[in-house]
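If you want the building blocks of each chain, they are given just below.
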Amino acid sequence: MFHSVEGKSNKAGIRFKENSVFWNGLILPVRIRKQDLFVKESLALHTIKYCRLVKKVIRGKHTFYVQLVMDGIPPAKRIPSTGAFRHSYQKQKRVGIDIGPSTIAIVSEETVFIQQLAPEVPLLEKQKRRLLRKLDRSRRSTNPNNFKKDGTIKHGVKLRWTYSKNYQKTKEQVKELYRKKASYIKEKHGALANKILSLGDEVYIETMHFKGLAKRAKETKTTIQGKIQSKKRFGKSIGNHAPAMLVEIIHQKLGYTKQTIQKVNTITFRASQYNHVTNRYEKKKLHQRWSQIGSHLVQRDLYSAFLLMNSDTNLQQPNQDLCNKTFTTFLELHNQHIEDLKQVKKTFPLSMGIQQIK
């Protein structure tokens, strides 16, 4: 089943003009929000290359959208009431990003902060689990002969499944929840990308292979007590917080001004192990979320982002001179941000290590 259809140009086939879509004798009026300055400016300043019709199911109803593919650089979004730019990107300023499966640490010359990616996702996951359990109960009650006595599905025979109307209704609710989750993550990542680029346009990040981190471990390990350790790694966190999507959005936005993300060599850089005071690499275990730098205790991810911001031009290792020059300012911003987080009455992910210092 096709969910979208597009033309090759805006001169034949599917065409958009005068706020309507013309296609094969059909005239489909398009509703545009009156206060959407982004759309108005895009239509006024850029040429439409071609358009695409997209069908989406929202709250159980089929909704159709027209996507316009334009030439040139998209205009910056403005505040409707004032017309002022919502984001102004800082030129030639460095930003270091240490991104993990569910959190991100960001350090610039003026700002230091760490936060969870798409923080409201756990609430949506809780609703999803409840609905999936409901689907399982309904499927078992309407198809009791398809299950063994131990509750597992029968194998080796062709099974016929019967689904109730309530099952179909619940399934639509699950689909809507998945749509909300994807839309929420994309919206939050877009806003965070704009915030990052407002700090500087030289973005330094480690080369991350999220696909590999999501896979289960191949080697079977046991604990000291002889129990087999779980082979699960970061698949669930990566699926819920989509860190790779954020990196791609930043890369796309930088591409508008012909910039690219500066990806350091993870093998030689080793941001999580380097200490610029001693100029040595010190191995740390994953659960160690704080690093002793000189006489100061700093959050591990924030310090990694600080080192990334002070990367050498060859992207092979941190620049110790830059680190010494900017460390005092970083430490002041770091300590203030940690104090602000301690005052917030909420539970942070264990990977941030905030609970360890309360």
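Residues numbered from 1 in each chain as written. Predicted model: local features only at pLDDT ≥ 70, side-chain atom pairs only at ≥ 80, totals over all residues. Heavy atoms only, no water.

> Let's hear about the sheet that holds strand S10 (residues 202-206): which residues, and what values?
The mixed open sheet is built from five strands, whose spatial order is S9-S8-S7-S10-S11. Two strands bound the open sheet, and with one partner strand each, they are strand S9 (112-116) and strand S11 (262-264). Within this sheet the neighbouring strands show an average axis-to-axis angle of 20 degrees, counted without direction. Relative to S11, S10 runs parallel, the two being bridged by three bridges. Note that in S11 the partner of Ile205 across the bridge is Lys263. Sheet strands in contact with helix H9 (residues 320-343) are strand S7 (94-99), strand S8 (103-108) and S9, and its direction is about 50 degrees off that of S9. (Pairing = 2+ DSSP bridges. Helix = DSSP H or I, 4+ residues; strand = E, 2+ residues; numbered from the N terminus. Axes fitted to C-alpha atoms, helices over the stretch in contact; angles between N-to-C directions. Contact = heavy atoms within 4.5 Å.)

> Hey, could you go over the sheet that holds strand S3 (residues 20-23) for me, with residue numbers and the actual values?
The sheet built from three strands is open, its strands ordered S2-S3-S4 with antiparallel pairing. On the outer flanks of this sheet lie strand S2 (15-17) and strand S4 (26-29), each paired with one strand and no other. Going from strand to strand, the sheet's axes swing by 25 degrees on average, the running direction of each strand aside.

> Give me a nonpolar patch on the surface: which residues, what numbers.
A cluster of nonpolar side chains, namely Val5, Trp23, Leu26 and Leu28, defines an oily patch on the protein surface of about 310 Å² accessible area. Residue Trp23 is classed as partly exposed on the basis of its relative accessible area of 33%. (Patch = residues over 30% accessible without salt bridge, like charges linked within 9 Å, V, L, I, M, F, W, Y side chains within 5 Å. Areas by Shrake-Rupley, 256 points an atom, 1.4 Å probe, with all protein chains shown as cover. Salt bridge = Lys/Arg side-chain N within 4 Å of Asp/Glu carboxyl O. Buried < 20%, exposed > 50% of the residue type's maximum accessible area, 1.4 Å probe, protein only.)

> Give me helix H6 (residues 243-255): which residues, what numbers.
If you check H6, its first and last C-alpha atoms are 19 Å apart, about what 13 residues at 1.5 Å a residue would give, namely 18 Å. Those residues of H6 that sit buried are Pro243, Leu246, Val247, Ile249, Ile250 and Leu254. Taken down its axis, H6 places every buried residue within 160 degrees of arc, on the same side. Of the surrounding elements, those touching the buried residues of H6 are S7, S8, helix H3 (165-197), S10, helix H4 (210-214) and helix H5 (235-241). (Expected span 1.5 Å × (residues − 1). Arc of directions from axis to C-beta.)

> Can you break down the environment of Ile153 residue by residue, with the values?
In this fold, Ile153 is placed in the loop between helix H2 (121-142) and H3. Using a relative accessible area of 37% as the deciding quantity, one classes Ile153 as partly exposed. Sequence-wise, Ile153 and Leu28 are 125 residues apart; in three dimensions their C-alpha atoms are separated by 48 Å. Excluding residues that lie within four positions of it along the chain, Ile153 makes contacts with Asn146, Phe147, Lys148, Leu159 and Trp161.

> Residue-level account of the pairing of S8, with values.
Of all six residues in S8, six are buried, a share of seventy percent or more. The alternating pattern of S8 places Thr103, Ala105 and Val107 on one face and Ile104, Ile106 and Ser108 on the opposite face, and all of these are buried. Across five bridges, the pairing between S7 and S8 is antiparallel. Paired with Asp98 across the strands is Ala105, a residue of S8. Pairing geometry for S8 and S9, over five bridges, is antiparallel. Across the sheet, residue Ile104 finds its bridge partner in S9, namely Gln115. The turn joining S8 and S9, which pair antiparallel and follow one another in sequence, is formed by three residues.

> Tell me what's going on with the side chain of His241, and back it up with residues and numbers.
Secondary-structure assignment places His241 in helix H5. A relative accessible area of 6% places His241 in the buried class. In this structure the side chain of His241 is engaged in a polar contact, spanning 2.5 Å, whose partner is the backbone oxygen of Leu117. Residues within four places of His241 in sequence aside, it is in contact with Pro101, Ser102, Gln116, Leu117, Ala118, Val121, Ile185 and His189. (Polar contact = N/O pair within 3.5 Å; in protein donor to acceptor, adjacent residues only side chain to side chain.)

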